[in-house]
Amino acid sequence: MKEKKNSLRLFYILWSTQSLSQLGSAITSFALTLWLYEKTGSALSTAGLTICTYAPYVVMSIFAGAITDKFDKKRTMLVCDTLAALSTVTVFILYKTDALCVWHLYLINMISGLMNTVQQPASEVAYTMVIPKEYYQKTGGLQSLSRSLVSIGNPIIAAALYGIAGLDAAIMVDLFTFAVAFVALAAFIRIPKIEKDAEEEAGVFQLAKEGLAYLKQNPLIFYVMLFMSGVNFIASAFDAVLPALIIPSPRGGNNVLGLVSSCSGVAMVIGSLIATVMPKPKDRVRVIYLTMFFSLGSENFLLAFSRSPILWCLGQIIGWMLVPVMSTNQNVIMRNTIPAKLQGRVYACRNTFQFFTIPLGLLFGGFMVDNVCEPFMKNRSGVWTTLFGSGKGSGAALMMFILGAAGVIMCLVFGRKLKQYKYED
């Protein structure tokens, strides 16, 4: 047992401190969403924050992964985290001087997102290098657990901090957690070097092409990424719609939004524990698409037809409980299949193909609520109001129904394609 703990010591240090930093960043992000919705009252405007964060993934991820494979992983993470923290400091200064505008947040989120674009594949490779292969599923479950705890804590903490002490309190917590993670990575983590061959000394563009070539030669990895891009489109549109559904509701508001958002984290804690202790599945690919079919085919419909905070919370729990099981199985497939020396560029390609739909989904969800569904429901009666309610927020309920139908159809289509592939550890 002692030897087992020692073999995972570096992982535990890296995982715990990076998770703490992720919590701080999520608190600031949620607090900024509340601030912006108060200023604009627009679902599209608040969705714009996340759109700007994910836009660099679409434009730069492939090249970022090549950069990651060329340079030291630890230094890359430290530099990117520092620049992201400086962006947060800029928001703090603008806010305290009453100069903070919407376009400032969009620009700063783009810069922060660019840093995350480079840092994320470096982090994935770093985890691979410090985790013994036999612990990939267990540590994958633990990473899902920490993301779940962040999902639980950040809306509640952010709403409380924002309500009591304002946006600057949330930012100060973010900067403190950054400092803890920075010191831990700089002083206590040693990431083993990856031996490079001659072709890996090539330029960034050549390395990026090699990442794409790997996906072409391994269609299983590529189709799983495409499937997850569809899931992310539905899920990100859901994220844009959720505030517009809950905040204007007579039984909603900022605090209820924080509570409902936290329930997704509660569900992911349960799912993470399941992923950590579950036996190795016979077919990891099948697990991926069946879990998403259940999630997308339940939560959206429940939120569309309910007006109760209890049912909203239940919908979040049902919809998110199996997400860690899905992500853990995807991570095991990728870590076991992709050589370590190629992981930076392939993970970065994953960021492009799998995450490019997130800004599109946010834009689609916000646009549909503000410009289509809410105007459509404004003068409706009869069966429409029976199903989706009336007043502001009824259009968001209609949009939830549309997302549920789209999610079911998407899973059925991709499920037939993914059935052709099987994976064995």
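Residues numbered from 1 in each chain as written. Predicted model: local features only at pLDDT ≥ 70, side-chain atom pairs only at ≥ 80, totals over all residues. Heavy atoms only, no water.

### Let's talk about the overall build of the protein chain
Within the protein chain, the secondary structure is distributed over 18 helices and zero strands. The C-alpha atoms of the protein chain give a radius of gyration of 21 Å, which matches the 22 Å a tight globule of 425 residues would have. Dimensions along the principal axes, computed over C-alpha positions, put the protein chain at roughly 70 × 55 × 45 Å. Among the 425 residues that make up the protein chain, the fraction classed as buried is 56%. (Helix = DSSP H or I, 4+ residues; strand = E, 2+ residues; numbered from the N terminus. Rg over C-alpha atoms; globule rule 2.2 N^0.38 Å. Buried < 20%, exposed > 50% of the residue type's maximum accessible area, 1.4 Å probe, protein only.)

### Regarding the packing of aromatic side chains
Inspection of the entire model under this criterion finds 15 aromatic pairs. Both rings, one in Phe11 and one in Trp15, keep their centres 5.7 Å apart while their planes meet at 5°; by these two values the pair is stacked. Taken together, the residues Phe11 and Trp15, both in helix H2 (residues 9-40) and four residues apart, mark about one turn of the helix. Its relative accessible area of 0% is what places Phe11 among the buried residues. Look at Phe305 and Phe401: their rings are 5.8 Å apart centre to centre, the planes differ by 50°, and that puts the pair in the tilted class. One end of the pair, Phe305, is in helix H12 (residues 299-305); the other, Phe401, is in helix H18 (residues 394-418), with 96 residues separating them in the sequence. When its relative accessible area of 39% is taken as the criterion, Phe305 is described as partly exposed. The class for Phe401 is partly exposed, based on a relative accessible area of 33%. (Phe/Tyr/Trp six-rings, centres within 6.5 Å; stacked < 30°, edge-to-face > 60°.)

### Description of the packing of H2 against helix H4 (residues 73-96)
Here H2 crosses H4 at 30°, and the two axes come no closer than 13 Å. Taken together, H2 and H4 sit at an angle that is classed as roughly parallel. Judged by the twist between their axes, the crossing of H2 over H4 is left-handed. Contact with H2, carried on its side by Leu14, Gln18, Leu32 and Trp35, involves Met77, Asp81, Val91 and Tyr95 of H4 and no other residues of that element. The class makeup of the residues in the contact of H2 with H4 is six nonpolar, one polar and one charged. (Axes fitted to C-alpha atoms, helices over the stretch in contact; angles between N-to-C directions. Parallel < 35°, antiparallel > 145°, perpendicular 65-115°, else oblique. Left-handed = near helix turned anticlockwise from the far one by under 90°. Contact = heavy atoms within 4.5 Å. Nonpolar A, V, L, I, M, F, W, Y, C, P; charged D, E, K, R; others polar.)

### Observations concerning helix H7 (residues 167-188)
Compared with an ideal rise of 1.5 Å per residue, which puts 22 residues at 32 Å, H7 spans 32 Å between its outermost C-alpha atoms and is within 8% of the ideal. Leu167, Asp168, Ala169, Ala170, Ile171, Asp174, Leu175, Thr177, Phe178, Ala181, Ala184 and Leu185 are the residues of H7 that are buried. At its buried positions, H7 is contacted by H2, H4 and helix H6 (136-165). (Expected span 1.5 Å × (residues − 1).)

### Thoughts on the packing of H2 against H7
Direction vectors running N to C along H2 and H7 enclose 160°, while the axes themselves pass 8 Å from each other. Classified by the interaxial angle, the pair formed by H2 and H7 is roughly antiparallel. Between H2 and H7 lies a crossing of left-handed hand. Class assignment for the residues of the contact of H2 with H7 results in 18 nonpolar, seven polar and one charged.

### As for H2
Taking 1.5 Å of rise per residue, the 32 residues of H2 would be expected to cover 46 Å, and the 47 Å separating its terminal C-alpha atoms lies within 8% of that figure. Phi turns positive one or two residues past the end of H2, at Gly41, with a value near 65°.

### Points about the environment of Ser306
Position of Ser306 among the secondary structure elements: in the loop between H12 and helix H13 (309-320). With relative accessibility at 4%, the residue Ser306 sits in the buried group. As a C-alpha pair, Ser306 and Val224 span 82 residues in sequence and 32 Å in three-dimensional space. In contact with Ser306, not counting residues within four places along its chain, are Leu311 and Trp312. A polar atom in the side chain of Ser306 sits 2.8 Å from the backbone oxygen of Leu302. (Polar contact = N/O pair within 3.5 Å; in protein donor to acceptor, adjacent residues only side chain to side chain.)

### Re the side chain of Arg284
Among the structural elements, Arg284 can be located in helix H11 (residues 284-296). Look at Arg284 and you get buried, because its relative accessible area is 3%. Within the structure, Arg284 has its side chain in polar contact with the side chain of Asn329 (distance 2.8 Å).

### Section: a nonpolar patch on the surface
There is a patch of nonpolar side chains on the surface, built from Phe305, Val383, Trp384, Leu387, Phe401 and Ile402 and spanning about 490 Å² of accessible area. When residues of the nonpolar patch are traced back to their parent elements, those giving at least two are helix H17 (383-388) and H18. The greatest single-element share of the nonpolar patch, amounting to three residues, is contributed by H17. Mapped onto the elements, Trp384 comes out in helix H17. (Patch = residues over 30% accessible without salt bridge, like charges linked within 9 Å, V, L, I, M, F, W, Y side chains within 5 Å. Areas by Shrake-Rupley, 256 points an atom, 1.4 Å probe, with all protein chains shown as cover. Salt bridge = Lys/Arg side-chain N within 4 Å of Asp/Glu carboxyl O.)

### Some points on the confidence of the model for the protein chain
In this model, the protein chain carries a mean pLDDT of 84, and residues with pLDDT of at least 70 account for 92%. Scored below 50 in pLDDT, residues 1-5 makes three contacts in the model with residues more than four places away or belonging to other chains. (pLDDT = per-residue confidence, 0-100.)

### Considerations on unusual backbone geometry
You will see that Asp98, though not glycine, has its phi angle at about 60°, which is positive. Along the chain, Asp98 falls in the loop between H4 and helix H5 (102-130). Judged by its relative accessible area of 74%, Asp98 falls in the exposed class.

### Topic: the nonpolar core
Core analysis: the biggest nonpolar cluster contains 82 residues, and Leu167, Phe227, Leu245, Ile246 and Met400 have the highest contact counts within it. Ranked by residue count, the leading element in this core is helix H9 (residues 219-246), at 15 residues. Other than its neighbours up to four places away in sequence, Leu245 contacts Leu303, Trp312, Gly393, Ala396, Ala397 and Met400. With 20 residues, the next largest nonpolar core counts Leu14, Tyr127, Tyr136 and Ile191 among its residues. (Core = buried A, V, L, I, M, F, W, Y, C linked by side-chain atoms within 4.5 Å.)

### A few points about the pattern of salt bridges
In the structure shown here, the tally under the stated rule is one salt bridge. Lys96 serves as the salt-bridge partner of Asp168, at 2.9 Å between the closest nitrogen and oxygen. Note that Asp168 is positioned in helix H7 and Lys96 in helix H4, a separation of 72 residues in sequence. For Asp168, a relative accessible area of 15% gives the class buried.

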